[in-house]
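Given next are the chains, with one letter for each unit.
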Amino acid sequence: MMNAMNESRFHEALRSLRVWDTALPEFRPADAPADPLGLFHAWFTAAAEAGEVEPHVMSLATVDEAGRPDVRMLMLHGADARGWHFASHATSAKGRQLAARPEAALGFYWPREGRQVRVRGRVTTGTAEEAYADLHARSTGALASALVGRQSEVLPSTEVLAEASAAAWERAKAEPEAASDTWTLYVLEPAEVEFFQGDERRRHVRLRYRRDDAAAPWTRELLWP
């Protein structure tokens, strides 16, 4: 009975939702720059200024050794001429998957603007010095989380996590320069970047940038919505 009630409430809530019933920004692909990075910077800044909650949160899709796709949410740490930056433990599920198959995709969604950005390409790792700088540019809590480590491993109980977390917090406060041997900075070098602008009449605008190698100029093309 409870499952049936929950399912009914789920479908009722799902059917009640509306998308893009308000005015959305206009996007003119003809005015877009030759390089996708500048457009990404502009859209990201606009999303932050529009009040998007955590506009730096993105999805990261990888593939495991059996060819099965995997996806999770994490934070963007930067975007520059090298590519889109993020970080994690090399021993985590995503770290192991990227070591075996260094290709990934990123997804950003900013609903206030009706915008999405999708990025696909090869992933490389930064230097140990870059990983250290990345870790220590963040909060005490982020350092404590990194010092706990063991990401994606099976957890015996929440009590074990609480004990390990408390110890890591104490160390992070006592040793703010402490390092994590497995913390790794990753850089996704884009081969494709797509910008999606939603339209309330569903005439969505999709502009894709693509290139075969980093030395080649970008090709821009519109896609059917």
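Before going into details, it helps to say that this report is about the structure given with it.

Cut-offs applied
- Residues numbered from 1 in each chain as written.
- Predicted model: local features only at pLDDT ≥ 70, side-chain atom pairs only at ≥ 80, totals over all residues.
- Heavy atoms only, no water.
- Axes fitted to C-alpha atoms, helices over the stretch in contact; angles between N-to-C directions.
- Helix = DSSP H or I, 4+ residues; strand = E, 2+ residues; numbered from the N terminus.
- Parallel < 35°, antiparallel > 145°, perpendicular 65-115°, else oblique.
- Left-handed = near helix turned anticlockwise from the far one by under 90°.
- Contact = heavy atoms within 4.5 Å.
- Nonpolar A, V, L, I, M, F, W, Y, C, P; charged D, E, K, R; others polar.
- 1 Å grid on protein atoms, 1.4 Å probe; cavity = no way out; pocket = protein on both sides within 12 Å on 5 of 7 lines; lining within 4 Å.
- Points joined across faces, edges and corners; volume = space filled by probe spheres on them.
- Buried < 20%, exposed > 50% of the residue type's maximum accessible area, 1.4 Å probe, protein only.
- Polar contact = N/O pair within 3.5 Å; in protein donor to acceptor, adjacent residues only side chain to side chain.
- Arc of directions from axis to C-beta.

Following both chains from N to C, one finds helix α5 (residues 140–148) and helix α6 (residues 158–174) inclined at 125 degrees, their axes separated by 8 Å at the closest point. In terms of their interaxial angle, α5 and α6 are classed as oblique. As α5 packs across α6, the resulting crossing turns out to be right-handed. For the pair α5 and α6, the contacting residues are Thr140, Gly141, Leu143, Ala144, Leu147 and Val148 in the first and Ala164, Ser165, Ala168, Trp169, Arg171, Ala172 and Lys173 in the second. Of the residues in the contact of α5 with α6, the class split is eight nonpolar, three polar and two charged.

This brings us to the layout of surface pockets. Of the voids in this model, the largest pocket is the one considered here, and its volume is about 280 Å³. Taken together, 16 residues line the largest pocket, and the ones lying closest to its centre are Ala87, Arg138, Ser145, Gln151 and Trp183. Among the secondary structure elements, those contributing two or more residues to the lining of the largest pocket are β2 (69–75), β4 (83–89) and α5. By residue number, the principal contributor to the lining of the largest pocket is β2, which donates four residues. Here the lining of the largest pocket is built from residues that sort into seven nonpolar, six polar and three charged.

Here we come to the environment of Pro176. Among the structural elements, Pro176 can be located in the loop between α6 and β7 (183–197). Pro176 sits 40 residues away from His136 along the chain, and the two C-alpha atoms are 7.9 Å apart. The contact partners of Pro176, leaving out residues within four places of it in the chain, are His136 and Leu143.

A few words on the side chain of Ser92. By the secondary structure assignment, Ser92 is in the loop between β4 and α3 (93–100). Classification of Ser92 by relative accessible area gives buried; the value is 0%. At 2.7 Å, the side chain of Ser92 and the backbone oxygen of His89 are in polar contact. Residues contacting Ser92, with those up to four places away along its chain left out, are Gln151 and Ser152.

This part is about unusual backbone geometry. Negative phi values dominate among residues other than glycine, just as trans dominates among peptide bonds. You will see that Ser152, though not glycine, has its phi angle at about 80 degrees, which is positive. One can find Ser152 in the loop between α5 and α6. For Ser152, a relative accessible area of 48% puts it in the partly exposed group. Phi at Arg202 is positive, roughly 70 degrees, even though this residue is not glycine. For Arg202, the location among the structural elements is in the loop between β7 and β8 (205–210).

When we look at burial in helix α4 (residues 128–136), the residues that qualify are Ala131, Asp134 and Leu135. Each buried residue of α4 sits inside an arc of 95 degrees when the element is viewed along its axis, so together they form one side. If you follow the buried residues of α4, they end up packed against β4, α5 and β7.

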